[in-house]
Amino acid sequence: MATATTAQRRVQRKDVKEYTYLWEGFDRNNRNVRGEMKGASETVVTTNLRRQGIRITKLRRQTFRGGSRVNEKDITFFTRQLATMLKAGVPLLQAFEIVARGHKNARFARLMMDIKGRVESGSSLSQAFREHPAHFDALYCNLVNAGETAGMLDGILERLATYKEKILAIKSKIKSALFYPISVIVVAVVVIWVIMVWVIPAFKQVFTSFGANLPTPTLIVMGISDFFVAYWWLLAAIIVGSITAFFTLRRRSETFRFAIDRISLKLPVIGSILEKATIARWTRTLATMFAAGVPLVESLDAVAGASGNAVFIVGTRKIQTDVSTGTSLTNAMLNTGLFPTMVTQMTQIGEESGSLDGMLSKVAEFYEREVDDAVAALSSLLEPIIIVFLGVVIGGLVVAMYLPIFKLGAVV
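Residues numbered from 1 in each chain as written. Predicted model: local features only at pLDDT ≥ 70, side-chain atom pairs only at ≥ 80, totals over all residues. Heavy atoms only, no water.

Draft legend 1. Highlighting the overall build of the chain. From N to C terminus, the chain includes 16 helices and 3 strands. Against the globule reference of 22 Å for 412 residues, the chain gives a C-alpha radius of gyration of 31 Å, more extended than a compact globule. Over its C-alpha atoms, taken along the principal directions, the chain stretches across nearly 105 × 65 × 45 Å. Burial status across the chain gives 36% buried among its 412 residues. Taking contacts inside the chain between residues at least 6 apart in sequence as the whole, the part at least 24 apart equals 60%. Split by element, the accessible area of the chain, about 23600 Å² in all, is 60% carbon and sulfur. (Helix = DSSP H or I, 4+ residues; strand = E, 2+ residues; numbered from the N terminus. Rg over C-alpha atoms; globule rule 2.2 N^0.38 Å. Buried < 20%, exposed > 50% of the residue type's maximum accessible area, 1.4 Å probe, protein only. Contact = heavy atoms within 4.5 Å. Areas by Shrake-Rupley, 256 points an atom, 1.4 Å probe, with all protein chains shown as cover.)

Dropping the structure here:
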């Protein structure tokens, strides 16, 4: 009975939510001291501090309210900070506190304090990270676990920070390559919409008073404008519905996502960039995992999720199955038909020489440079194409509407 009562009290203690309080006061020697303490309420903290002989002058609960979404850039910067502080000899819990207090994003600070609290309660760092899968994926947690097991957490975190910085750089380059054409297309659509709905109807009223036959291009443009004015709500619903349906299906349907990713890899110019960027991420991830001492089969499990392309995810799972049954990594990669000859040759050399991580890193560096060159070439290629596109579309509309005015001038 006594044992049951004790166990019940322990459960009740676990259920009590504790907060972090910042305090300031004077100790028994009348020295000004400050610090922080966890407790269920201000009364509990005040009582504990008085038992230690501290007279409290200030006491407030530490809160991290609001804040923006924690993104991949925040996690990358945090990884680099944590690796640097651990190498400098800063204790792990103190490092989390420094990062939390030094960050402007309150939501990120709450995340750091939550992880710190889990580590303080006895969880390993990798277990604390696994409680936040939205911010720390399986690859991140597996590498941290490998670093804790091997006793080289600072080295693994440094390698992980370098990896995330490389991956982040590739993603930003792809986004910058696609941002310019997408933004121009959006602006062009808005301009055309304004011309069709407001500008052309004004011209139509003027042309109606002419009492003459209008040129065919002008009649076509005016007919399109009438459709826009009458059914603008339908067009807007189609555009919004198509975009919403696309992203919903891409998020929920593996078949749809696989089809879209397969098509994207076959697009002219852009498909080549996406393929090179995916191979760079794939090889960089596998090199990082393998160098950290993670077994190849487990590494491939994390590599599949990090590739970012459904076609390569399916291919990586097939490679994982083949490798687990005794097939070499090179032959398993050849069976998928996804990797260029250079990648498989470098992988084979790495397997035979026992330096697979080094060879994969060289492949990743090569394809990262290829992505840089391809993005620069794409930017140079797109500028004249976009200028011609805008000139033909906008210029064609303007010319079509001014043709009746030119015709009237010729008659006069």
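Having put the structure on the table, let's press on.
Draft legend 2. Spotlight on helix H13 (residues 310-324). In a regular helix each residue adds 1.5 Å, so 15 residues correspond to 21 Å; H13 covers 21 Å between its end C-alpha atoms and thus fits that length. Within H13 the residues assigned to the buried category are Ala310, Val311, Phe312, Gly315, Thr316, Ile319, Asp322 and Val323. Of the surrounding secondary structure, the elements contacted by the buried residues of H13 are helix H10 (254-265), helix H11 (270-291), helix H12 (296-306) and helix H14 (329-336). In the stretch just after H13, Gly326 is the one whose phi turns positive, near 110°. (Expected span 1.5 Å × (residues − 1).)

Draft legend 3. Looking closely at H12. For H12, every residue scored as buried is listed here: Leu296, Ser299, Leu300, Ala302, Val303, Ala304 and Ala306. Buried positions along H12 lie against helix H7 (138-150), helix H8 (153-208), H11, H13 and H14. Just downstream of H12 lies Gly308, where phi reads positive at about 80°.

Draft legend 4. The environment of Val33, seen in detail. Inspection of the secondary structure puts Val33 in strand E2 (residues 32-39). In this structure, the C-alpha to C-alpha distance between Val33 and Ala376, residues 343 residues apart in sequence, is 57 Å.

Draft legend 5. Quick peek at the nonpolar core. Formed by 39 residues in total, the largest nonpolar core has its most connected members in Phe78, Met112, Ile115, Phe129, Phe136 and Tyr140. For this core, the secondary-structure elements that each account for two or more residues are helix H3 (72-87), helix H4 (92-102), helix H5 (106-120), helix H6 (125-130), H7, H8 and H12. The element that contributes the greatest number of residues to this core is H5, accounting for 7 residues. (Core = buried A, V, L, I, M, F, W, Y, C linked by side-chain atoms within 4.5 Å.)

Draft legend 6. Looking closely at the packing of H7 against H8. Relative to each other, H7 and H8 sit at 155°, their axes nearing to 7 Å. Classed by the angle they form, the pair H7 and H8 counts as roughly antiparallel. Crossing of H7 over H8 shows right-handed handedness. Judged by residue contacts, Leu139, Tyr140, Leu143, Val144, Gly147 and Glu148 of H7 engage Leu153, Ile156, Leu157, Leu160, Tyr163 and Lys164 from H8. When grouped by side-chain class, the residues that make up the contact of H7 with H8 number 9 nonpolar, 1 polar and 2 charged. (Axes fitted to C-alpha atoms, helices over the stretch in contact; angles between N-to-C directions. Parallel < 35°, antiparallel > 145°, perpendicular 65-115°, else oblique. Left-handed = near helix turned anticlockwise from the far one by under 90°. Nonpolar A, V, L, I, M, F, W, Y, C, P; charged D, E, K, R; others polar.)

Draft legend 7. Spotlight on the confidence of the model for the chain. Confidence in the prediction for the chain averages 81 pLDDT; 91% of positions are at 70 or higher. Low pLDDT, under 50, characterises residues 1-15; the stretch is placed with 0 contacts to residues that sit more than four places away or in other chains. (pLDDT = per-residue confidence, 0-100.)

Draft legend 8. Spatial organisation of the pattern of salt bridges. A complete count under the given rule lists 10 salt bridges for this structure. Residue Glu158 is joined to Lys87 by a salt bridge in which the shortest nitrogen-to-oxygen separation is 3.5 Å. Remark: Lys87 occurs in helix H3 and Glu158 occurs in helix H8; sequence separation between them is 71 residues. The class of Glu158 is partly exposed, set by a relative accessible area of 31%. Members of the salt-bridge network, linked through shared partners, are Asp114, Arg118 and Glu131. (Salt bridge = Lys/Arg side-chain N within 4 Å of Asp/Glu carboxyl O.)

Draft legend 9. Looking closely at unusual backbone geometry. One non-glycine residue, Asn30, adopts positive backbone phi at about 65°. Topologically, Asn30 is positioned in the loop between strand E1 (19-26) and E2. According to the relative accessible area criterion, Asn30 is exposed, its value standing at 51%.

Draft legend 10. Molecular detail of the environment of Ala128. Relative to the helices and strands, Ala128 resides in helix H6. With 143 residues separating them along the chain, Ala128 and Gly271 place their C-alpha atoms 38 Å apart. If we ignore the near neighbours within four places in the chain, the residues touching Ala128 are Ile115, Arg118 and Val119.

Draft legend 11. Spatial organisation of the packing of H10 against H13. The interhelical angle for the contact between H10 and H13, taken along N-to-C directions, is 105°, at an axis separation of 7 Å. Judged by the angle between their axes, H10 and H13 are roughly perpendicular. Contact with H10, carried on its side by Arg257, Phe258, Asp261, Arg262 and Leu265, involves Ala310, Val311, Phe312 and Val314 of H13 and no other residues of that element. Along the lines of polarity and charge, the residues of the contact of H10 with H13 split into 6 nonpolar, no polar and 3 charged.

Draft legend 12. Here's a closer look at the packing of aromatic side chains. A full pass over the atoms with the stated rule returns 16 aromatic pairs. Between Trp193 and Phe228 the ring centres are 5.6 Å apart and the planes differ by 80°, which places this aromatic pair in the edge-to-face class. Here Trp193 is found in helix H8, whereas its partner Phe228 is found in helix H9 (residues 216-252), with 35 residues between them in sequence. On the numbers, 6.5 Å between centres and 50° between planes, the contact of Tyr231 with Trp233 is tilted. Aromatic rings pair up to connect Phe78, Phe96, Phe108, Phe129, Phe136 and Tyr140 into one cluster. (Phe/Tyr/Trp six-rings, centres within 6.5 Å; stacked < 30°, edge-to-face > 60°.)

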